[in-house]
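# Coordinates in review
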Amino acid sequence: MDIGIDFGITNTDLVIVDNGTSTFHTFASKESIDTKLLDTIFSKLNLTDLEIENIAVTGGKSSNLPESYNSIPITKVNEVFAIGSGAKAIYNIQEDSYVVVSTGTGTACVSYINGEFHHLGGISFGGGTLQGLSNLLVDTKDSKKINSMAFDGDKNSLDMLIGEVVNNIGSLDPDITASNFFQSKGFKKIR
């Protein structure tokens, strides 16, 4: 059994690969990344040291971990490589070049060109920003509740759409959002 862990700012994502089957898990991230955290995660998943052959880690301050955990080797993977190769494996990407956008707490763009991964840049807007804004606007940062509220909402009463502001939109769908939370449409503060 092989374990891969991405220590993100908001979430710690884990994949267990066992006999060709991948199982994914997510936990709230902790401030310190150490072997005690690995103890906690593996205990929650009922994993024993005898089952685990390899551990690969990336993200956060995973480089602070020791070279092994209870005699199991820990491989430290560059995050840009992890994002690019992870997307290639999960989505079975066959192209010689591609771009991956990883949206976590922030957003990173990674390209694969001529057999190499490159960080193209990123922005600080991601899931963490959405949680922070939601906490301020609707008193919750719970991602499941935010998602449920989004499905119940109506963007037409809140956003300005491309079709409302552009006459000749070419190939763009007129229902694409041009601006979020456009004030003149009667946005009512929820709090």
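Residues numbered from 1 in each chain as written. Predicted model: local features only at pLDDT ≥ 70, side-chain atom pairs only at ≥ 80, totals over all residues. Heavy atoms only, no water.

## Some thoughts on the overall build of the chain
Scanning the chain for helices and strands turns up 5 helices and 11 strands. Scaling as 2.2 N^0.38, a compact globule of 191 residues should have a C-alpha radius of gyration of about 16 Å, whereas the chain reaches 21 Å, well beyond that. Out of the 191 residues belonging to the chain, those deemed buried represent 26%. Residue pairs in contact within the chain that sit at least 24 positions apart in sequence constitute 32% of those at least 6 positions apart. A total accessible area of about 12,600 Å² is found for the chain, and carbon and sulfur atoms account for 52% of it. (Helix = DSSP H or I, 4+ residues; strand = E, 2+ residues; numbered from the N terminus. Rg over C-alpha atoms; globule rule 2.2 N^0.38 Å. Buried < 20%, exposed > 50% of the residue type's maximum accessible area, 1.4 Å probe, protein only. Contact = heavy atoms within 4.5 Å. Areas by Shrake-Rupley, 256 points an atom, 1.4 Å probe, with all protein chains shown as cover.)

## Regarding the pattern of salt bridges
Scanning all chains against the criterion turns up 1 salt bridge. Here K76 makes a salt bridge to E67, at a shortest N to O gap of 3.0 Å. (Salt bridge = Lys/Arg side-chain N within 4 Å of Asp/Glu carboxyl O.)

## Quick look at the nonpolar core
Counting 21 residues, the largest nonpolar core has I3, I5, F42 and I55 as the members making the most contacts within it. Among the elements that line this core, the one with the most residues is helix α1 (residues 35-44), at 4 residues. When sequence neighbours within four positions are dropped, the list of residues in contact with F42 reads I3, I5, L14, L47, I52, I55 and Y69. Residues V80, Y98, V100 and A108 belong to the second largest nonpolar core, which totals 10 residues. (Core = buried A, V, L, I, M, F, W, Y, C linked by side-chain atoms within 4.5 Å.)

## As for the packing of helix α3 (residues 127-138) against helix α4 (residues 143-152)
At their nearest, the axes of α3 and α4 sit 11 Å apart, and the two run at 70° to each other. In terms of axis orientation, α3 runs roughly perpendicular to α4. Contact with α3, carried on its side by L130, Q131, S134 and V138, involves S143, I146 and M149 of α4 and no other residues of that element. Here the residues of the contact of α3 with α4 sort into 4 nonpolar, 3 polar and no charged. (Axes fitted to C-alpha atoms, helices over the stretch in contact; angles between N-to-C directions. Parallel < 35°, antiparallel > 145°, perpendicular 65-115°, else oblique. Nonpolar A, V, L, I, M, F, W, Y, C, P; charged D, E, K, R; others polar.)

## Details of unusual backbone geometry
Trans is the prevailing form of peptide bonds, just as negative phi is the prevailing case for residues other than glycine. Its identity is not glycine, yet N19 carries a phi of approximately 55°, on the positive side. Relative to the elements of secondary structure, N19 occurs in the loop between β2 (11-18) and β3 (21-28). Residue classification places N19 among the exposed residues on the basis of a relative accessible area of 77%. Here the phi dihedral of N70 falls at roughly 50°; this positive angle occurs in a residue that is not glycine. Note that N70 resides in the loop between β5 (68-69) and β6 (72-76).

## Here we look at the pairing of strand β4 (residues 54-58)
In the sheet, strand β1 (residues 2-7) pairs with β4 via 5 bridges, with the strands oriented parallel. When the sheet's bridge partners are listed, G4 is paired in β4 with A56. (Pairing = 2+ DSSP bridges.)

## Details of the sheet that holds strand β8 (residues 107-113)
Taken in spatial order, the 3 strands line up as β7-β8-β9 in an open sheet, and their pairing is antiparallel. Only two strands of the sheet have a single partner each, and these edge strands are β7 (98-103) and β9 (116-123). The average angle at which neighbouring strand axes cross in this sheet is 20°, direction not considered. Where β7 lies against β8, 6 bridges are found, and the strand directions are antiparallel. Residue pairing for β8: T103 is matched across the bridge by T107.

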